[in-house]
Amino acid sequence: MSQSEREEPEFSLDAVRREGLLAPSGAEPVAHDGTGRVQLSFTVEDKEAPPTQRQVRVPPGVSVFDSASWNGIAIDSTCGGHGTCHKCKVRMSPVTGVTLHDQRTFTPAELEAGWRLACLVRATRDHDVVVPPLTTRPKAATVGVGRQVILRPAVQKRYVELAEPTLVDQRPDLTRLLDAIDDLEPVPDLHALRRLPSVLRQADFKVTAVVVDETLIDVEPGDTTNIRHAIAFDLGTTTVVATLLDLVTGTPVAVASMLNKQQPFGGDVISRISATMIDPAALGRLQEAAGQTLATLADQVCREGGVEPQHVYEAALAGNATMTALVLGIDPEPLGVAPFVQSTATPPTVLATEIGLSLHPRARVALFPALGAYVGGDIVAGMLATGMDRDKRVRLFIDVGTNCEIVLSDGERILSTAAPAGPAFEGGAIRCGMRAADGAIEVVKLTPDASDASADERSVELGVIGDVLPRGLCGSGLVDAVAELVKAGLLDASGRFVTDEVAKEIAPGLADRLTAIGQERVFVLHRERPDSDPSECVVLSQRDVRELQFAKAAISTGWTLLMEELGLEHGDLQQVLLAGSFGSYLSAASAVRIGLVPQLPVLRIVAAGNVAGEGAKMALLSIRERAGAVALLEEVTYVELSDRADFNDRFVDLLAFPS
């Protein structure tokens, strides 16, 4: 593109940057500091129903399109987020800067009214977003991190109007049906054969054949070709997410999440494996708990989406190796003891009824393959969604959690590993830790030099989920708090709180918050009253800092060893993807400051969202993508850290915070 083509006389680049908007020459995000959250208030219009309202909070820099997609809000798009299909139209308030693609899409009056392409707008401030009704039935859908998927689901329907049998034409019912379907050659299952005679005659031989892969699973009366649904599950150790998809349009219909009902057996996979080793009956109870979780979510998304469960013909499930084994009722013990062996790397497709789901009676569930005992199907799904095998850039993928999975690609080779981060990111082993629920502190900003009468009010700024009084500290708040204390100088490089004398000298507005509970030093994040006892406050303790140090050292050791394996330096990395429910809400600036991720500009660090769920969606929308997930087993090399002689030395070296 020439320089003249890039010029946009109506908007000044400097003015756009001052306003915190998009650069007018394209989709580049505005420089932001990688901290905090922005709130997007969506109004979703519908041609046949009243508008619905949704509010979502996302890290700064995420596109409006991705913010909507992650939360089950459908916006038209077929181009993969490149601004070329001109379909993802939304109305923004306050208005944002205008890109070249916006100028080619909208009239001057529409631009002034706030119309923009959602895939090119980066959320860097709070916005109201109006989403118009869907107008297209695309041949492609945009999922993952800007991935375009050509719609070719395994679930197909064909409507036929058949000639009734006569004494002259005595072809069997099945032959009559299959002769009328000229582009498929399905093999019937028993359920379809049992229904075929009665459905044909009750419907005057006007029926719809339902085919999944190469199997005729049902025959429905009338024309139901516009009713095809599937559910994508991200079966996490802590949280399970379900997305109901319309397979005709490739768009999400409803999204729901809940805590995994296996929680009573332990918060991590090792605890649950141990439970089955101690009590053989625990395996059955864990399988039942997983099934109940999936069934509850399936009922919820069907109810919210106004879809009958019998019209859900397929599901895809992405989970780590242990979660996959447990939902299938497979003994997970070999996964928990050396040499960490899976029963199979490619689980079979099963009937939904076999894992406790009440969908269509012959609905199938496809499960993702796994690279190893601790790099499971959820990571394969994440790699599929982020296109790790297709992108030639040097990219680092980190799914932050109790077990942290790491993938590194130099554009030619792909390495993966897993690091035992522990429960700190989920609020476990943290004095005031809690999950990301109402009352959890998720953002922390400190002003160390405030020293006047209002210093206590201004020195600590907290972002709390639900906008209620703080009750505890979730993972992103923990990382923020430690990063801010390191930045303020109240935590030294070794992770130790400085003395009271030093605190008063370098951070007068914060010094009185540095105190002790018993013999342990703590920093007070929130107190209801100025005279509240520290034991009644939300605090960060010295032990909490140590827990975070151990977690971040394990993770940074993992990606450091992979980078050395490929001969890469920090500066070689072109993109870092933070995935998972926690990683997506982690402050990029805070992650850099404590050494959780490589020392890079925050704009190279991208919140990737629930990529495991996105990969599951892709597998349902395209049989080619499903085959691509299996192909990843041959393309990715798994690196086992537990037998590396240099792991412990590197771990110790990386405990300190970067100077």
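This text gives an overview of the structure that appears in the document. Since the model is a prediction, treat every value here as computed from it, not as a measurement.

**Some details on the overall build of the protein**
Counting its secondary structure elements, the protein contains 21 helices and 29 strands. Classification of the 659 residues of the protein by burial places 57% in the buried group. Summed over its atoms, the accessible surface of the protein is roughly 27,200 Å², and 49% of this surface lies on carbon and sulfur atoms.

**Observations concerning the environment of Val312**
Of note, Val312 is situated in strand β15 (residues 312–319). Residue class for Val312 comes out buried when judged on its relative accessible area of 0%. With 49 residues separating them along the chain, Val312 and Pro361 place their C-alpha atoms 9.5 Å apart. When residues no more than four places from it in sequence are discounted, the contact partners of Val312 are His229, Ala230, Ile231, Leu244, Cys302, Val307, Leu359, His360 and Ala363.

**Comments concerning the side chain of Thr251**
As for its position among the elements, Thr251 is in strand β14 (residues 251–259). Judged by its relative accessible area of 13%, Thr251 is buried. A polar contact is formed between the side chain of Thr251 and the side chain of Thr249, at a distance of 2.6 Å. Leaving out residues up to four positions away in the same chain, Thr251 has contacts with Ala74, Leu134, Leu244, Leu245 and Asp246.

**Re the packing of helix α14 (residues 475–488) against helix α16 (residues 542–565)**
Contact geometry of α14 with α16 gives a least axis separation of 11 Å together with a crossing angle of 105°. As the angle between them shows, α14 and α16 are arranged roughly perpendicular. For the pair α14 and α16, the contacting residues are Leu478, Val479 and Val482 in the first and Asp544, Val545 and Leu548 in the second. Here the contact of α14 with α16 is composed, by residue class, of 5 nonpolar, no polar and 1 charged.

**Quick word on the sheet that holds strand β1 (residues 38–44)**
Read across the sheet, 5 strands follow the order β2-β1-β5-β3-β4 without closing on themselves; strand pairing throughout is mixed. Taken across any chain shown, the strands that pair with only one partner, and hence form the sheet edges, are β2 (52–58) and β4 (115–117). When strand polarity is set aside, the average angle formed by the axes of neighbouring strands in this sheet is 30°. Sheet topology places β1 next to β2; 7 bridges connect them, and they run antiparallel. Note that in β2 the partner of Leu40 across the bridge is Val56.

Reading guide: rules and limits
Residues numbered from 1 in each chain as written. Predicted model: local features only at pLDDT ≥ 70, side-chain atom pairs only at ≥ 80, totals over all residues. Heavy atoms only, no water. Helix = DSSP H or I, 4+ residues; strand = E, 2+ residues; numbered from the N terminus. Buried < 20%, exposed > 50% of the residue type's maximum accessible area, 1.4 Å probe, protein only. Areas by Shrake-Rupley, 256 points an atom, 1.4 Å probe, with all protein chains shown as cover. Contact = heavy atoms within 4.5 Å. Polar contact = N/O pair within 3.5 Å; in protein donor to acceptor, adjacent residues only side chain to side chain. Axes fitted to C-alpha atoms, helices over the stretch in contact; angles between N-to-C directions. Parallel < 35°, antiparallel > 145°, perpendicular 65-115°, else oblique. Nonpolar A, V, L, I, M, F, W, Y, C, P; charged D, E, K, R; others polar. Pairing = 2+ DSSP bridges.

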